[in-house]
Structure formats: C-alpha cells, structure tokens
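For reference, the chains in residue letters:
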Amino acid sequence: MTGFRTRFAPSPTGYLHLGHVASACHAREMAGAQGKFLIRIEDIDMQRCLPRFGQALLDDLQWLGLASSEAILRQSDHLPFYRATLDRLRREGLVYACTCSRAQVQASAQGFAPDGSPVYGGPCREAVHRPNGPYVWRLNMEKALTRLGVTPSWQELDGRRIVGQAAAFGDVVLGRRDNGVSYHLCVICDDARQGITLVTRGADLFEATSVHRVLQELLGFPEPLYAHHGLICDEAGRKLSKRDGAESLRALREKGLTAPELIALARRVLSAGEIIPVGRNVDR
Ligand code: GLU
Ligand code: ZN
C-alpha cells in the first residue's frame, strides 16, 4: 500500500476556521504515512480572494504543523493552463458563450441546481457567433451527457458508487466573465495534473462531484476516489463559514489553544459523526 495523494484546497477569502482544520487534517490523515498531502490555493475569484488571507492561511497551516509534501500550487499563477483546457471543450462544441446578465439568468432560470444556483434556461445556447460584449463560457450539459452516453458515476471511499445529478446542474459556467476560468474547471484540471488519487472535502461539495466527473470524462482525465466528510456547524446548524464570521483559528489560538489541542478538537468533531454543532465556547 503506497498511500493516496490527497489535497487541501482552501480559497483565501477569509481566515481559516475549525472546519478548515478538520478538512486539512482529514486530507493529511487519508494520505497515510506513505502518501502525499498537497496544499493548493484556490484563488481565482479575484474579488473575494485577498493576498493577506493567502499568507494568513499558509502561516496558520504551518503553525498547525501541516506541511505540503510538494510545492504549493496557486491557481492564479496558472490561468492560461486552465483556459487552454477550456479551449479543448470549445473546439469540440461543448461550451458556448452566454451574455446573459445575472438578472436575466435568474429570470429565465429553470429551477435550482443541487448546489442552489439557478439552472440556466436562457437563449444563448443556440447562438452561433461569439458575442462582442462580456460573456461567460457555459458547458452544454445536455450535449456533454449525450456525448458520454451515460451520466458518469464516482466511487466514495466507503464503497458506495454514486450516480450524481449532473443533468440537474444544467449549463454550468466554466469560464467566468472576469478571468475566463471557474471553480469547476480549475479543480478538475489540478486534481488531474497533480495526480490526486483521493479527493477529500466537505459534504457541501458532494453534488458538485457529478459535474466534475462529467468534465473528467470529456477530457479523458483519470477518475479519483472521493471521500466527502461531514461539516462542522455552528449552534444554529449552519456550516461554519468565513463569511458569517465563524471563529477563526487565529482567535482560538489567541484564546490559548495549542496546535495539538486544535487538531484533536477538529478530529473529535469530525469523527463524532455527520454534522456536529460546535459552539462559540469551544470545549477543550
Ligand atoms: N476551494 C474550495 C473551497 O474552499 C474547495 C474545493 C475542493 O475541495 O474541491 O471550498
Ligand atoms: Zn445567456
């Protein structure tokens, strides 16, 4: 047994909180002693990702003693690489330019995708010319699934084979207006080129895996194993989130928690089951 190649792929949109510690520890542990644990900075959202958060999360991971087995990959350094991958899909007629505004997308939405985003129902799918104004690149999901013949499934580490709901996502955005790339695109590119054999991440991304599997199959990328772990929630049962001001690792550290204590706490809440409320006053 040589162990897995796993990754922890945070976005620097705020300070790390206990949920991230749990996720990072999980990825490190699942790699095993013989495997590799890679840190990747997913910073393609130029508006929300700030360099100071990028630096802070690296400092925090170092303080926790979680080191990347290989050079840390920063997605913003590789935009041409992702765009070239998108070009492959474009040449095959699987993506199209969509000029709809956010309001138009909402107005023409055909319900909501499993991740809560509106399912695109607008007219751009049939347009033949590349528009002059700003646009996003969308995957033609129906065409993609027809090309593949079947909805690709994936294997969870616990043995379950999951057939996802790719069709329910509709025509997801693969190239954003601002930089021509997107989360779905970059994550499958990097999991492939970094040779990730086990993708560990929170259950909030469980459904998105069906989109990732479609893209992997279209591009001939290998299929990794997946292990989606439970989420750590606040008292109100919501996933801890940087945006809602979940207590940061920094704040917990200032309260006097040591790195081993924080890691032990993160492990305990994760192993306790699915979704565990973690109060503001962390029980040591
Ligand atoms: N960058 C994503 C996040 O911070 C995680 C992506 C993934 O693990 O696939 O939510
Ligand atoms: Zn459109």
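Rules used throughout
Residues numbered from 1 in each chain as written. Chains lettered and ligands numbered in written order. Predicted model: local features only at pLDDT ≥ 70, side-chain atom pairs only at ≥ 80, totals over all residues. Heavy atoms only, no water. Near = heavy atom within 4 Å. Polar contact = N/O pair within 3.5 Å; in protein donor to acceptor, adjacent residues only side chain to side chain. Areas by Shrake-Rupley, 256 points an atom, 1.4 Å probe, with all protein chains shown as cover. Pairing = 2+ DSSP bridges. Helix = DSSP H or I, 4+ residues; strand = E, 2+ residues; numbered from the N terminus. Contact = heavy atoms within 4.5 Å. Axes fitted to C-alpha atoms, helices over the stretch in contact; angles between N-to-C directions. pLDDT = per-residue confidence, 0-100. Expected span 1.5 Å × (residues − 1). Core = buried A, V, L, I, M, F, W, Y, C linked by side-chain atoms within 4.5 Å. Buried < 20%, exposed > 50% of the residue type's maximum accessible area, 1.4 Å probe, protein only. Donors = N, O, S within 2.8 Å, 3.2 Å for Na, K, Ca; no water. Tetrahedral: all angles 85-135°; square planar, octahedral: opposite > 155°, others 65-115°.

Surveying the vicinity of ligand 1 reveals the residues Arg-7, Ala-9, Pro-10, Ser-11, Glu-42, Tyr-183, Val-187, Arg-201 and Leu-205. Arg-7 is positioned such that a nitrogen or oxygen atom in its side chain is 2.8 Å from an oxygen atom of ligand 1. Contact distances for ligand 1 include 2.9 Å between an oxygen atom and a side-chain N or O atom of Tyr-183. With the chains in place, 77% of the 300 Å² that ligand 1 exposes on its own is no longer accessible.

Ordered in space as β1-β2-β3, the three strands form an open sheet in which the pairing is parallel. Each of the sheet's edge strands pairs with one partner strand only, and the pair in question is β1 (5–8) and β3 (73–74). Of the pairings in the sheet, the one linking strand β2 (residues 36–41) to β3 comprises two bridges and is parallel in character. Bridging across to β3, Ile-41 finds its partner in Arg-74. Packed on one face of the sheet, helix α1 (residues 18–31) meets β1 and β2 and runs near 170 degrees to β1.

A separate point is the confidence of the model for the protein chain. Mean pLDDT over the protein chain: 90, with 90% of residues reaching 70 or higher. Note that pLDDT drops below 50 for residues 274–284; the model gives that stretch 32 contacts with residues more than four away or on any other chain.

Glancing now at α1. For α1, with 14 residues, the first-to-last C-alpha span of 20 Å sits near the 20 Å given by 1.5 Å per residue. In the segment just after α1, Gly-32 is the residue with positive phi, at about 75 degrees.

Once that is clear, we can look at the nonpolar core. The biggest cluster of nonpolar side chains holds 33 residues, and the ones touching the most others in it are Tyr-82, Leu-89, Leu-139, Met-141, Leu-174 and Val-214. Among the secondary structure elements, those contributing two or more residues to this core are α3 (79–91), β4 (95–98), β5 (136–139), α5 (141–148), α6 (166–169), α7 (183–193) and α8 (208–219). Aside from chain neighbours lying at most four places away, what touches Leu-139 is Leu-94, Val-95, Tyr-96, Ala-144, Asp-171, Val-172, Leu-174, Val-214, Leu-215 and Leu-218. Core analysis: the next-biggest nonpolar cluster, separate from the first, contains 28 residues, Phe-37, Ile-41, Leu-257 and Leu-270 among them.

On to the coordination of the zinc ion (ligand 2). Protein ligation of the zinc ion (ligand 2) involves Cys-98 (SG), Cys-100 (SG), Tyr-120 (OH) and Cys-124 (SG), the donor distances falling in the range 2.0 to 2.3 Å. Bound by four donor atoms, the zinc ion (ligand 2) shows angles of 97 to 121 degrees at the metal and therefore tetrahedral coordination geometry. Coordination of the zinc ion (ligand 2) draws on donor residues from a single chain, spaced C-x1-C-x19-Y-x3-C in sequence. Here Cys-100 is found in the loop between β4 and α4 (102–107), whereas its partner Cys-124 is found in the loop between α4 and β5, with 24 residues between them in sequence. With respect to class, Cys-100 is no different from Cys-124; both count as buried.

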